[in-house]
Amino acid sequence: MSKLDSKVPKGPLADKWTNHKNNIDLVNPANKRNIDIIVVGTGLAGGSAAASLAELGYNVKAFAYQDSPRRAHSIAAQGGINAAKNYQGDGDSNFRLFYDTIKGGDYRSREANVHRLAEVSGNIIDQCVAQGVPFARDYGGLLDNRSFGGVLVSRTFYAKGQTGQQLLLGAYSAMNRQIARGKIAMYNRHEMLDVVKIDGKARGIIARNLETGEIEKHSAHAVVIATGGYGNVYFLSTNAMGSNATAAWKIHKKGAYFANPCYTQIHPTCIPRSGDYQSKLTLMSESLRNDGRIWVPKKMDDVMAIREGKLKPTEIVEEDRDYYLERRYPAFGNLVPRDVASRAAKERCDAGYGVNETGEAVYLDFKSAIDRYGREQALITKGDKNPSDKLILELGEALIKAKYGNLFQMYEKIVDQDPYKTPMMIYPATHYTMGGVWVDYNLQTTVEGLYCIGEANFSDHGANRLGASALMQGLADGYFVLPYTIGNYLAKEIRTGEIPTDGPEFLQAEKEVKEKIDFFIGNKGTRSVDYFHKKLGKIMWEKVGMARNTKGLEEAIAEIKAVREDFWKNVKVPGTKDEFNQELEKAGRVADFLELGELFAKDALLRNESCGGHFREEHITDDGEAKREDKDYAYVAAWEYKGEPSEAILHKEELEFNDVELKTRSYK
Amino acid sequence: MDLTLKIWRQKGPEDKGGMVTYPISNISGHMSFLEMIDVLNEELINKGDEPVAFDHDCREGICGMCSMYINGEAHGPDRGVTTCQLHMRMFKDGDTIHIEPFRSDSFPVIKDLVVDRSSFERIQQAGGFISVNTSGNTQDANSIPIGKEDADNAMDAATCIGCGACVATCKNSSAMLFVGAKVAQYSLLPQGQVEAKDRVLNMVKQMDLEGFGNCTNTGACEVECPKGISLKNIAIMNTEYLKASI
């Protein structure tokens, strides 16, 4: 096994980034004009990187599969973005944000990267405000903060429940400015289908124009992948329908190692599945757990009566309810981190206590909060110490509406039940993938000139991501890290000159892409792409989902392989290749998920411990909690592609912890 | 429930296109409108027909990709929703549903229900930004206090998802709600003042170049806007435009 070089700079943790920046080679402005960079994906990471690189003077070509960069799925992030500004004076600091992130990630992330993330976090807020992002403010006109799960300070900046949207529109506006100046060439409705390597370096991509079907060759001196996570390997997730792993997987096949695929975040508060036609799952912000209490009935008779529609949840008395998070985790109660809350819901539903027809739902109840707020408000606004039930309800509901109105409305639109009157039903769903393309401290993959940023890389969240940290990482990578670190590589490229796209490497890559498309169109099989995607998703969810064991994982590996073989024999793609063809787009993406899924299961099988989002049933403490095995597994598992996923070779990057002590996470 | 769908089918930009009728059965009220189209498409694929092309992505009402004109309304009969948030419980057994693309000369059809909204992109590129570099040397975020009311109003304007429902709805194919929302967002913030004049002049100029019509205060755009963007933003834009033109 080779030793991966993370290229973490020497010196004390807090000085590494500053020292590193001081020693990065610079490219003079005249030379920057002659250097091209391709950025694939234009969400928070890709959009901010494209804008920043263009501002520096490089020629950027940016690619998005949607019809505008403004539609990338970063836009759906609700809650907020963390930054160690300490505006609330509650003792926050770069070190605390660093520490919380390392701990929240269950000690499976790289110290130096996480500390750098904390260091640049404050600047992100400065930058976004300068761009006109309308963050929430208090009456003094200063920025407001809220608190999020798993931490003890208020460091989350937000813009109502649409923080991701506003940050993305900020990056989008910065891109637009550069598009207008001609420094970014924007390719909307384009999908990258392969990377082109020349003499071991990434030199361009093959992309399909999704409107016309034309296959295009684009060259550059460096290629940046910012295409998000692979949560749609589960078919059902909170990701957008088009979110896919194709760019990340294609570069993996061309030599970029893929790290920790088994680290996936299952978010506890999503709206449950309602039927087989379900196409995606909708997240309800984690902030709801501040006021909602999670429960299932204690008695199986009540569960059955509820499922048959003979009993309403509001009719079940307090003594017959099992507030299982409060019971199991008295210290954190309903505010335990996401992975813990998700597993606890699954435990109850597996035991048969799920409260909807599918048996996969628990209640999130605001009755106590409405009551508590109603009494408080009656006293504050009316001086009423003995308010009537009617007044309590009225005032309590009004306050809940002010806090969560848009979420309650969203829930009602989807489920057709009024969550003010009856508890919400929720169930965990795949939300984020911590694993991804392996990168060094400079965000470069194991292929020279090929970089990977944002959710697509593996670097900062370890085995579990804290709320409001995805937006932070995407923008940190794109605005403040990559634009510096890429300089070291590009400084050596100033004499390269323009890269032609008619060399043998480009032609070969183009040929392979075209052959695959011809195969899909010509296969004339019997089953639609979705049929296979749903099959894969079911295996992943049942056997590589919230809780995993050796037997299930071994079965999953065999079953995914079988689905993949079936796919290549029997997939049916209607239409032609020279037109707008959404089934053809999906076919290519699902083909890649069918390989990634197997590697995912293999990685999960190898990791004989429970950590963060990866829970192995064989590795639990006496009271059923996750048990890490630091002696054997404090490493990053980086996989090298060798053909079939079963043949992938493992490379280990041992994680060193010099500034924090490894502890067992406890929320009891 | 059982329904009859009449859907606009158009092979490509040059094709004339027309309505095609599809019966569909066993539709649950809990399905979203797009999931109903998924079911139809699966049936079409299995029969050997071509599925209906339609834009969609996040399916939670925020990306602005979905763009169907349903029974004569952008995003269909419900209020404050995008097509992906529209649920089939809004319809009755036996209903006939007409589904068309968002129509405007400035939104040419690419295929079936998919339209080209790149005109919106060009308007944003004409001035929908604040010219500040991402150097990391900007001043501290709290050094620019902004009154809560202004910040909240700017946020309300900024929630536009760029779907184009306003244009599809407007009898004049006007994009003024879309453009007004961006102009208003920046005009309410101190950061936006420096370039205020150029911004509004350039964005309006591009809007006209793209062939969008003018506002005649019908207010249909505000009604159909899935995010409830207020007509007030058009008034703000007009004020800014006048100030910049004097």
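Residues numbered from 1 in each chain as written. Chains lettered and ligands numbered in written order. Predicted model: local features only at pLDDT ≥ 70, side-chain atom pairs only at ≥ 80, totals over all residues.

Participant: Please explain unusual backbone geometry as it appears in this structure.
Facilitator: All names here are of chain A. Phi is positive for D199, close to 50 degrees, though the residue is something other than glycine. The topology assignment puts D199 in the loop between β6 (190-198) and β7 (201-209). By the C-beta count within 10 Å, which is 7 here, D199 ends up exposed. Positive phi is not limited to glycine here, since K524 has a value of about 50 degrees. Among the structural elements, K524 can be located in the loop between α14 (504-523) and α15 (529-543). (Helix = DSSP H or I, 4+ residues; strand = E, 2+ residues; numbered from the N terminus. Buried ≥ 20, exposed ≤ 12 C-beta atoms within 10 Å, placed from the backbone.)

Participant: What is the right way to read the domain arrangement of chain B from this model?
Facilitator: Accessible area lost during the coming together of the parts is what is often quoted as the interface size. Residues and elements named next belong to chain B. Taken domain by domain, chain B consists of domain 1 (3-111) and domain 2 (118-245). For domain 1 and domain 2, the distance between their C-alpha centres works out to 29 Å. In this complex, domain 1 contributes 18 residues to the contact, which on the side of domain 2 involves 16 residues. Residue composition of the side of domain 1 that touches domain 2, grouped by class: seven nonpolar, eight polar and three charged. (Domains from an automatic or database assignment. Contact = placed C-beta atoms within 7 Å. Nonpolar A, V, L, I, M, F, W, Y, C, P; charged D, E, K, R; others polar.)

Participant: Sorry if this is basic, but what is going on with the interface of chain B and chain A here?
Facilitator: Taken together, the contact pairs 64 residues of chain B with 64 residues of chain A. Those elements giving two or more residues to the side of chain B that touches chain A turn out to be α1 (33-47), β6 (109-111), α2 (118-125), α3 (148-158) and α5 (176-187) of chain B. Among the elements that line the side of chain B that touches chain A, the one with the most residues is α1(B), at seven residues. Partitioning the side of chain B that touches chain A into residue classes produces 27 nonpolar, 24 polar and 13 charged.

Participant: Quick question: what am I supposed to make of the packing of helix α4 (residues 94-104) of chain A against helix α5 (residues 111-130) of chain A here?
Facilitator: Relative orientation and spacing of two packed helices are given, respectively, by the angle between their axes and the distance between those axes. Residue and element names in this part refer to chain A. Interhelical geometry of α4 versus α5 gives an angle of 135 degrees and a closest axis separation of 8 Å. Judged on the interaxial angle alone, α5 and α4 are oblique. Every pair of crossing elements has a handedness; the one defined by α4 and α5 is right-handed. Seen from α4, the contacting residues are N94, L97, F98, T101 and I102; seen from α5, they are E111, V114, H115, L117, A118, E119 and S121. (Axes fitted to C-alpha atoms, helices over the stretch in contact; angles between N-to-C directions. Parallel < 35°, antiparallel > 145°, perpendicular 65-115°, else oblique. Left-handed = near helix turned anticlockwise from the far one by under 90°.)

Participant: How should I be thinking about the nonpolar core in this particular structure?
Facilitator: All names here are of chain A. Of all hydrophobic cores here, the largest spans 279 residues; its most connected members are V224, I225, V362 and V437. The dominant element in this core, judged by the number of residues it contributes, is helix α13 (residues 470-490), at 12 residues. I225 has contacts with V40, G41, A247, A248, I251, V437, Y451, C452 and A456, leaving out every residue within four places of it along the chain. (Core = buried A, V, L, I, M, F, W, Y, C linked by C-beta atoms within 7 Å.)

Participant: Even after reading the chapter, I still don't get the domain arrangement of chain A, so can you show me in this structure?
Facilitator: All names here are of chain A. Entries for chain A in the domain assignment read domain 1 (267-430) and domain 2 (511-634). Relative placement of domain 1 and domain 2: their C-alpha centres are 32 Å apart. For the side of domain 1 that touches domain 2, the leading source of residues is helix α10 (residues 338-350), giving four residues. Class assignment for the residues of the side of domain 1 that touches domain 2 results in one nonpolar, one polar and three charged.

Participant: When you look at the pairing of strand β2 (residues 18-24) of chain B in this model, what are you seeing that I'm missing?
Facilitator: Remember that side chains alternate between the two faces of the sheet whenever the strand is regular. Residues and elements named next belong to chain B. Counting buried residues along β2, only zero of its seven residues qualify, which leaves the element largely exposed. Here strand β1 (residues 3-9) pairs with β2 via seven bridges, running antiparallel. Looking at the pairing, R9 lines up with G18 of β2. (Pairing = 2+ DSSP bridges.)

Participant: Would you take a moment to explain helix α8 (residues 300-307) of chain A for this structure?
Facilitator: Because an α-helix completes one turn every 3.6 residues, residues spaced three or four positions apart along the sequence face the same direction. All names here are of chain A. Turning to α8, its buried residues number three or more, namely D302, V303 and I306. Viewed along the axis of α8, the buried residues span an arc of 105 degrees, placing them on a single side of the element. Those residues of α8 that are exposed and aimed more than 90 degrees away from the buried face are M300 and D301. As for α8, its buried residues are in contact with β12 (293-297). A positive backbone phi angle near 80 degrees is found at G309, which sits one or two residues after α8. (Arc of directions from axis to C-beta.)

Participant: Teacher, can you tell me more about the sheet that holds strand β14 (residues 362-365) of chain A here?
Facilitator: Through backbone hydrogen bonds, the strands of a sheet pair up, either in parallel or in antiparallel fashion. Residues and elements named next belong to chain A. Ordered in space as β11-β15-β14-β12-β13, the five strands form an open sheet in which the pairing is antiparallel. Two strands bound the open sheet, and with one partner strand each, they are β11 (264-270) and β13 (321-322). Of the strand pairs in this sheet, β12 and β13 are connected by two bridges, and their pairing is antiparallel. Within the sheet, the bridge partner assigned to V296 lies in β13 and is D322.

Participant: What exactly am I supposed to notice about the sheet that holds β1(B) here?
Facilitator: Read across the sheet, five strands follow the order β2-β1-β5-β3-β4 (chain B) without closing on themselves; strand pairing throughout is mixed. Looking at which strands have only one partner, the edges of the open sheet turn out to be β2 and β4 (73-74) of chain B.

Participant: When you look at the pairing of β12(A) in this model, what are you seeing that I'm missing?
Facilitator: Residue and element names in this part refer to chain A. Counted residue by residue, β12 has four buried out of five residues, so it is predominantly covered. Sheet topology note: the β12/β14 ladder contains three bridges and is antiparallel. By the bridge assignment for β14, I294 is matched with L364.

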